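Residues per chain, in single letters:
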Amino acid sequence: MKKGFSTMKNEKVSTLIKKVAVTAAVVTAGTAATTTAHADTVSTASSTSATAASQKAVNDTKQNLSKAQTQTATAASEVAKQQATTDKAKEAAASASSNLEQASAAKSTATAAVSSAASAVSTAQTTKDTATAENISKAQSEVSNAAKTVTSSSAAASSAAAATKEAQTNADSAQSSATTASNAESSAKADVASASSQLESDQNKAGVDSQTASQITDTQSQISSASSSQASLTSDKAKAEADLSDAQSKASSIDTDSANAAVSSAQSAVNSDNSAVAAASSSKTAADKAKTDAQTTLDTLKNSQGSITGGSNITLTSTEASSVKQTPSIVDNGAGSGTTFAASAADKTTTIDANNMTTAQATELSSYAAALLNKLREQAGVTVKVKVTDGAINFAKQVATNYNSDKWSGYDSGHDVSAIEKAADNYGLADTGNYYEDLESYDAAFDTTMTMYDAKKYIYDAIYEMMFDDSSSSYGHTISLLGLNANHYNASSIDYFAVSFDKYGNIHFELVNSNTTYVKDSTKFAETFDTTDKTISATGATATQIAAAQTALDNATTADNTASAAYTAAVNKLNTDTATLTAAKTNAATVTAQKTAAENTVTTLQNKLNSINNQLTTVNNTLATLNTKLATLKAKAASEQTASQELQAKIAADQSVLEQKQAVYTAAQAATVKATAALTAAKQKVATAVAAQTAAETALTTAKTKLAAAQANLAQLTNAAANLQAAQTAYQTALAQLAAANQAYTVAKSEYDSQQAVYTQAAQKLTSAQQQLQTLQLQEKALQQKLAVESAVDTAAETPTTSASHITGATNQQTAAAATSTAKNVTDKAKAISATDQQGTLVKPTTEVMKLSSAHGVTEANTKKASDTRATSAAAQTVKQAALGEVTLPQTGDNQAASREVSFFGSLLLTLASILFSLDFLRKYKHFSK
């Protein structure tokens, strides 16, 4: 509507501007034309009469100008006053807006606090419900058992620590023995080297062949080196055999089967616990929902103890009531008296999501519609009433869901028959068409977050439209809603009824008749479509209904508490068994890692022993070869011996000493090997003891964790009542704060609406005053221009015209220029008005054709000769031609003086006509700006 007004306004102003421009063109053209006329003598009698008339016009215009100036000053004062009032109102509105924002934030904070406190109460209540004597006793038992486990684990850890200390002491002793043996071996090795050197020296003195002696020395050196390698390898072999035996023993002693069995057992327990928790959670969720639904139902019934319609009423006239069965079109006469919409105050503050209504909300809205329809049916003499049932509510919701899935706009495409058929099939109903739905659709989707008041208004409007404005649908909706279909005359039939909304602007009225014609699968229908009457009475909920709802809520609360306690117990068991599983997995991982490491060590040591055996075989073979070689060389040396018997004896003695030293060295090597093996074994025992100690300490830590968990659980159960009381107190405090915040918000909203209304009204008044001032200023300007023209006319009338020199072409040119300037000013003002008008002022279009003639001139100079009349006609013809775009020179005749006089006064009067037209325009503009 606003868009249409805007388009009309621009077109009308454009037309006005064009007309003013034409006026200017006419004046200019007419004036220009007169400049070529010949000048002759003019009658002085007509000048005297014109002077009197023009003087009167000047005086009248001056009076009008004075009045206009007074009005302009008054309007300017009013604008200034209204501007101050508007500024003050704007400041007040801004302050109220800020207060409203603060109140809204406080309300949101308080709402969140209530939600948090309610959650805390629920948790505390669950804990209290769990805190039975049996559970507390059980928790105490768990604490006692856990404490015993900690004690035994602590003793085991202490014992393991003592064993580790003892093993370390033995290892330290073995280390000392190994060091002593190694030192003795080093000393014996040095003695062998010394004896060998002495023997070599004596042999050289005996004059043994240097080459043979060198060979003997080299061979003995090789034998010594090989013997050393043999002893080292023998020691390494003994150590490797001891290490391998110990590693094999350790690998065999690590029991991964038991650790894995413990994990498997713990995992089975956790799996069982998870199933129990899932089942308990499902039961708790269902119980929570049942409790919430029961509470909502009770609240809805309590809120509807008055009339469910809240005062809404739709009626038929008496004529319609008596004739609608036979003549449905009778409803075109409109609704009967008393038809009105109303709702309770509570409905205005109750917000719902119409696209996701709870069962209680859907029941209330469907009962509201049912009350309106049943009254209409009663008026029409229809005995079959609509009844709200859970089956109908679920069916209506399913239809709306299917519309949403199809993104269906009923406004554009009518019923979504496929969506209706799918829903019907789900409930065992006939699914070959739309047998159930009356649909009201809007041209755009509405916000489904609305108040209960809004939802009822949508339903009311929909019923009203389908009842009294349904001729385009051949009254199909009217017939359906009134139950006028043939099957409804069966008194035993029932219309199961519900209302639903979707998110594409559609309101669904679903009526499922009990006639078996509409039931495709009776078994499926019976299983899925609950036909229990849930209709809230038109007169509101009864005490019996409220008592029944309270009982249902009490039962649901008890069931919810039981489910919550079972859920908490299941979660606690899951937590305990999960901790056991975690410990078992940790232990299994540790044992497996130890087993793997031990087996890897066995493999490594076996490979090492094999390598040592191979090396030892090689060394033994080398020693045998070298000993044979040495014997051969000694025999050769003996034959070459030239030394004395004493030196030979000395050499023999040296040889004996060397052999003794060699024997001592060999024994020392064996002792070192033995000590080293003992040290390795001692270190392995330390490692085993440390592993045992670590496992014991891990078991102790696990036992302490279980003890802490058991103690915490016992504390929660023991203090459950006090914790619940504290949570309930905090919840009540939060509720009180929320109530205060809601009240503050309501006050702030009311103040904001009030201040905003004041500001809007002040701004409108200011705009009106500014437009009025602008109009008066334009009018004053026009009067000033008019006065200037009339003064010029008066001056010209007073000037004698007996000589042609008094009216010259130059004078006419000046007058033409003044007229053109005046016309241009009027055009510019009209354009300015157009610009102003585009900001919101509607200008009334004018369909008048401006009529310019010489009548004004005739009035002021009615004493002219008959020839003047002819000249006037010629001037009028010139004006007409100018207006039509045909500017030509006037035809001059015998009486050229009369033509010149008329041309002069005509130009002035045409200018005056344009100004008078402008004043007429301003008068009309002022009227439509109000």
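Attention in this report is confined to the structure presented alongside it. (Residues numbered from 1 in each chain as written. Predicted model: local features only at pLDDT ≥ 70, side-chain atom pairs only at ≥ 80, totals over all residues. Heavy atoms only, no water.)

**Considering the packing of helix α8 (residues 359-379) against helix α12 (residues 452-468)**
Item 1. It is the contact of α8 with α12, at a shortest axis distance of 11 Å, that shows an interaxial angle of 30°. When the interaxial angle is binned, α8 and α12 end up roughly parallel. Along this stretch, α8 crosses α12, giving a crossing that reads as right-handed. Here α8 contributes Q361, E364, L365, Y368, A369, L372, L373 and L376 to the contact with α12, which in turn contributes M452, A455, K456, I459, Y460, I463 and M467.
Item 2. Residue composition of the contact of α8 with α12, by class: twelve nonpolar, one polar and two charged. (Axes fitted to C-alpha atoms, helices over the stretch in contact; angles between N-to-C directions. Helix = DSSP H or I, 4+ residues; strand = E, 2+ residues; numbered from the N terminus. Parallel < 35°, antiparallel > 145°, perpendicular 65-115°, else oblique. Left-handed = near helix turned anticlockwise from the far one by under 90°. Contact = heavy atoms within 4.5 Å. Nonpolar A, V, L, I, M, F, W, Y, C, P; charged D, E, K, R; others polar.)

**With respect to the side chain of S54**
Item 1. As for its position among the elements, S54 is in helix α2 (residues 44-130).
Item 2. Taking relative accessible area as the criterion, S54 reaches 2% and is therefore assigned buried.
Item 3. Here T51 takes part through its backbone oxygen, which lies 3.0 Å from a polar atom of the side chain of S54.
Item 4. Within the structure, the side chain of S54 is placed 2.9 Å from the side chain of D794, a separation counted as a polar contact. (Buried < 20%, exposed > 50% of the residue type's maximum accessible area, 1.4 Å probe, protein only. Polar contact = N/O pair within 3.5 Å; in protein donor to acceptor, adjacent residues only side chain to side chain.)

**Here we look at the nonpolar core**
Item 1. Ranked by size, the top nonpolar core spans 65 residues in total, and within it F395, Y436, I459, I463, F497, F501 and F509 carry the most contacts.
Item 2. Top element by residues in this core is α12. It accounts for nine residues.
Item 3. If we skip the residues at most four places from it in the chain, F501 touches A354, N355, M357, L365, A400, F446, A455, Y458, I459, N506, I507 and H508.
Item 4. A570, L609, L623 and A637 belong to the second largest nonpolar core, which has 33 residues in total. (Core = buried A, V, L, I, M, F, W, Y, C linked by side-chain atoms within 4.5 Å.)

**Some remarks on α12**
Item 1. Look at α12: 24 Å from first C-alpha to last across 17 residues, which is about the 24 Å you get at 1.5 Å a residue.
Item 2. By the burial criterion, the buried members of α12 are M452, A455, K456, I459, Y460, A462, I463, M466, M467 and F468. (Expected span 1.5 Å × (residues − 1).)

**Overview of the pairing of strand β5 (residues 495-501)**
Item 1. Within β5, seven of the seven residues are buried, which leaves it mostly tucked inside the rest of the structure.
Item 2. Neither face of β5 is exposed, since D495, F497, V499 and F501 on one face and Y496, A498 and S500 on the opposite face are all buried.
Item 3. In this structure, strand β2 (residues 386-388) lies alongside β5, joined through three bridges in parallel fashion. Bridge assignment links K387 to a residue of β5, and that residue is Y496.
Item 4. Across seven bridges, β5 lies against strand β6 (residues 506-513) in antiparallel orientation. Among the inter-strand pairings, Y496 is bridged to a residue of β6, identified as V512.
Item 5. The hairpin turn running from β5 into β6, its antiparallel successor, is four residues long, and G505 in that turn takes a positive phi close to 85°. (Pairing = 2+ DSSP bridges.)

**Quick notes on the sheet that holds β2**
Item 1. Pairing is mixed across the open sheet formed by four strands, whose spatial order is β2-β5-β6-β3. Edge positions in the open sheet fall to β2 and β3 (437-441), since each of these has one partner strand only. In this sheet, neighbouring strand axes are inclined to one another by 30° on average, regardless of whether the strands run parallel or antiparallel.
Item 2. The sheet contacts of helix α9 (residues 390-406) involve β2, β3, β5 and β6, and relative to β5 the element is tilted by about 40°.

**Details of the pattern of salt bridges**
Item 1. On inspection of all chains with the given rule, the structure shows 17 salt bridges.
Item 2. The salt bridge involving K573 is made with D273; its shortest N-O contact spans 3.0 Å. Of the two residues, K573 sits in helix α15 (residues 543-639) while D273 sits in helix α5 (residues 256-303), which places them 300 residues apart along the sequence.
Item 3. The shortest N-O distance in the salt bridge between D495 and R377 comes to 2.9 Å. With D495 in strand β5 and R377 in helix α8, the pair connects residues that are 118 residues apart, well separated along the chain. (Salt bridge = Lys/Arg side-chain N within 4 Å of Asp/Glu carboxyl O.)

**As for the environment of D347**
Item 1. Locating D347 in the fold gives a position in helix α7 (residues 345-349).
Item 2. Separated by 108 residues in sequence, D347 and A455 place their C-alpha atoms 9.2 Å apart.
Item 3. Look past the residues within four positions of D347 in its chain and what remains in contact with it is E364, T451, M452, Y453 and K456.

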